[in-house]
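One-letter residues, chain by chain:
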Amino acid sequence: MKMRFLALLLLAGCVSKPVPPSWQTNAHDAIGAFTDAYLSGDTRVADAEFGRARLAASSTGRADEVAQVELVRCAAQAASLVFEGCPGFAGVSVDATAAQSAYAAYLDGRWQGLKPELLPEQHAAVVRGGQIAEVRDPLARLVAVGAAFKAQRLAPGDINVAVDAASAQGWRRPLLTWLGVAAKRAEAVGDTAQLERIRRRIELTSAGPAPAAHK
């Protein structure tokens, strides 16, 4: 009887937990779907899911919530070396938080004078001179390599870090991008054998439906 009473109390505790507002759930689900579609190279689905995420965030009337959604898109683009100035974030940046503005600067390669303490710890460590290969999360690792590329602080070994991260996750868009970077480097140093291996890998990766160009 005592165990049954305890179970009822636990159940009551679960039921009484606050339920996240629907906009938050919708934004979270949509931004996750956007990221998966974008990195896989499905621009049509990515654009639709991003629009759903931004609509959910904008329903709060809070610029910082919209800014957060926009920064996710900018990060996914940076991971794929797509740098378009993050115009969606720019439109709400005046009301963004200091941390959000710092992250936008980080993605854009504007590291001079950047305060690392305002960044997520894994990215703060990179700005402080830490090894990108030590960033545990694969997407964060790709974002860090892209940001370092834009900041002109990319180490030669980081190209392989990006290729391996994208390959392990099956993220075709950044994989093709970074294989292209690796091919240019192999060509520049005259490593013809490596260049041919990379070209074969690019051909293999491109064998499926090609990722649509970002609009």
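See the structure above.
Quick look at the structure, then. (Residues numbered from 1 in each chain as written. Predicted model: local features only at pLDDT ≥ 70, side-chain atom pairs only at ≥ 80, totals over all residues. Heavy atoms only, no water.)

### Looking at the state of the cysteines
Across all of its chains, the model carries one disulfide by this definition. Two residues, cysteine 74 and cysteine 86, share a disulfide whose sulfurs are 1.5 Å apart. Torsion about the S-S bond of the cysteine 74 and cysteine 86 cystine: about 90°, corresponding to right-handed handedness. With cysteine 74 in helix H4 (residues 63-79) and cysteine 86 in the loop between H4 and helix H5 (87-90), this pair connects stretches of sequence that are 12 residues apart. A single burial state applies to cysteine 74 and to cysteine 86, both of which are buried. (Disulfide = S-S within 2.5 Å. Helix = DSSP H or I, 4+ residues; strand = E, 2+ residues; numbered from the N terminus. Buried < 20%, exposed > 50% of the residue type's maximum accessible area, 1.4 Å probe, protein only.)

### Structural notes on helix H9 (residues 156-169)
Of the positions making up H9, those classed as buried are Asp158, Ile159, Val161, Ala162, Val163, Ala165 and Ala166. In the core, the buried residues of H9 are packed alongside helix H8 (138-150), helix H10 (172-188) and helix H11 (192-205). One or two steps after H9, the chain reaches glycine 170, where phi turns positive at roughly 70°. (Contact = heavy atoms within 4.5 Å.)

### Notes on the side chain of glutamine 100
Within the secondary structure, glutamine 100 sits in helix H6 (residues 98-107). Accessibility expressed as a relative area gives 6% for glutamine 100, which makes it buried. At a separation of 2.9 Å, a polar atom in the side chain of glutamine 100 contacts the main-chain carbonyl oxygen of aspartate 64. (Polar contact = N/O pair within 3.5 Å; in protein donor to acceptor, adjacent residues only side chain to side chain.)

### A short note on the pattern of salt bridges
Taken as a whole and assessed by the stated rule, the structure comprises nine salt bridges. Across the pair glutamate 70 and arginine 54 runs a salt bridge whose closest N-O atoms are separated by 2.6 Å. Taken together, the positions of glutamate 70 in helix H4 and arginine 54 in helix H3 (residues 43-58) put the pair 16 residues apart, joining distant regions of the chain. Residue glutamate 70 is classed as buried on the basis of its relative accessible area, which comes to 2%. The salt bridge involving arginine 199 is made with glutamate 196; its shortest N-O contact spans 3.2 Å. Here arginine 199 pairs with glutamate 196, and both are found in helix H11, just three residues apart, close to one helical turn. Residue classification places arginine 199 among the partly exposed positions, given a relative accessible area of 41%. Ionic contacts of the salt-bridge type, sharing partners, join the residues Arg54, Glu70 and Arg73 into one network. (Salt bridge = Lys/Arg side-chain N within 4 Å of Asp/Glu carboxyl O.)

Any functional reading would require information beyond the geometric quantities listed.
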